[in-house]
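The residues making up each chain are set out below.
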Amino acid sequence: MSENVEIVLEFLRLAAANDVEGAAALLHPEITGTAPPGWPEQGPFEGRDAAVAETNRLTDWGENRITDIDLVADKGDWVVVAYRWHVRGAVSGITSQLDVAHAVRVKEARIIEWQSRWDRDEALEAAGLSE
């Protein structure tokens, strides 16, 4: 497993554990990111503060759990992962699950770009890795 993959998987583990401070340590100061099409907060999220604020919004829902992680691609600076995100509202108790994919670019052992998409093909395209 490449160092880039390890960084991305550690970020997901920390975010799922609601450890936003730990996850923030893996973000490059100049990070940019977007949410998947149709998501309420689209971004772009520019800079560490904006990325941390979006991570806080996502983890503040309540319980988070990530399963079925699939490494789709690990090429150059890019890692593409897909997974199932399970959430349970802290107040409502409503449970939901979402299948998502991310194209993540790593620079200087930090995440500098994060493009969220609904499926792996869209994430591969965002990383410039589609066939």
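Report on the accompanying structure. Nothing here was measured: the structure is a model prediction, and the numbers come from that model.

Considering the nonpolar core
Part 1 of the reasoning: Core analysis: the biggest nonpolar cluster contains 30 residues, and Val8, Phe11, Leu12, Leu27, Trp85 and Ile111 have the highest contact counts within it.
Part 2 of the reasoning: Only α1 (3-16), α2 (20-24), β1 (27-34), α3 (48-59), β4 (78-89), β5 (95-107) and β6 (110-117) provide two or more residues apiece to this core.
Part 3 of the reasoning: The leading source of residues in this core is α1, at seven residues.

Describing α1
Part 1 of the reasoning: For α1, spanning 14 residues, the distance from its first C-alpha to its last is 20 Å, which sits close to the expected 20 Å at 1.5 Å a residue.
Part 2 of the reasoning: All of the buried residues in α1 are Asn4, Val5, Ile7, Val8, Phe11, Leu12, Leu14 and Ala15.

With respect to the sheet that holds β5
Part 1 of the reasoning: With respect to topology, six strands assemble into an open sheet ordered β2-β1-β6-β5-β4-β3, the strand pairing being mixed. Where the open sheet ends on each side, the last strands, each with one partner, are β2 (45-46) and β3 (62-75).
Part 2 of the reasoning: Packing against the sheet, α1 makes contact with β1, β3, β4, β5 and β6, and its axis sits at approximately 170° to β3.
Part 3 of the reasoning: Along the sheet face, α3 touches β1, β2, β3 and β4 and points at about 60° away from the line of β1.

A look at the pairing of β1
Part 1 of the reasoning: Where β1 meets β6, four bridges bridge the pair, whose relative direction is parallel. Looking at the pairing, leucine 27 lines up with isoleucine 111 of β6.
Part 2 of the reasoning: Relative to β2, β1 runs antiparallel, the two being bridged by two bridges. Of the residues in β2, the one forming a bridge with glycine 33 is phenylalanine 45.

Each value, and the rule that gives it
Residues numbered from 1 in each chain as written. Predicted model: local features only at pLDDT ≥ 70, side-chain atom pairs only at ≥ 80, totals over all residues. Heavy atoms only, no water. Core = buried A, V, L, I, M, F, W, Y, C linked by side-chain atoms within 4.5 Å. Buried < 20%, exposed > 50% of the residue type's maximum accessible area, 1.4 Å probe, protein only. Helix = DSSP H or I, 4+ residues; strand = E, 2+ residues; numbered from the N terminus. Expected span 1.5 Å × (residues − 1). Pairing = 2+ DSSP bridges. Contact = heavy atoms within 4.5 Å. Axes fitted to C-alpha atoms, helices over the stretch in contact; angles between N-to-C directions.

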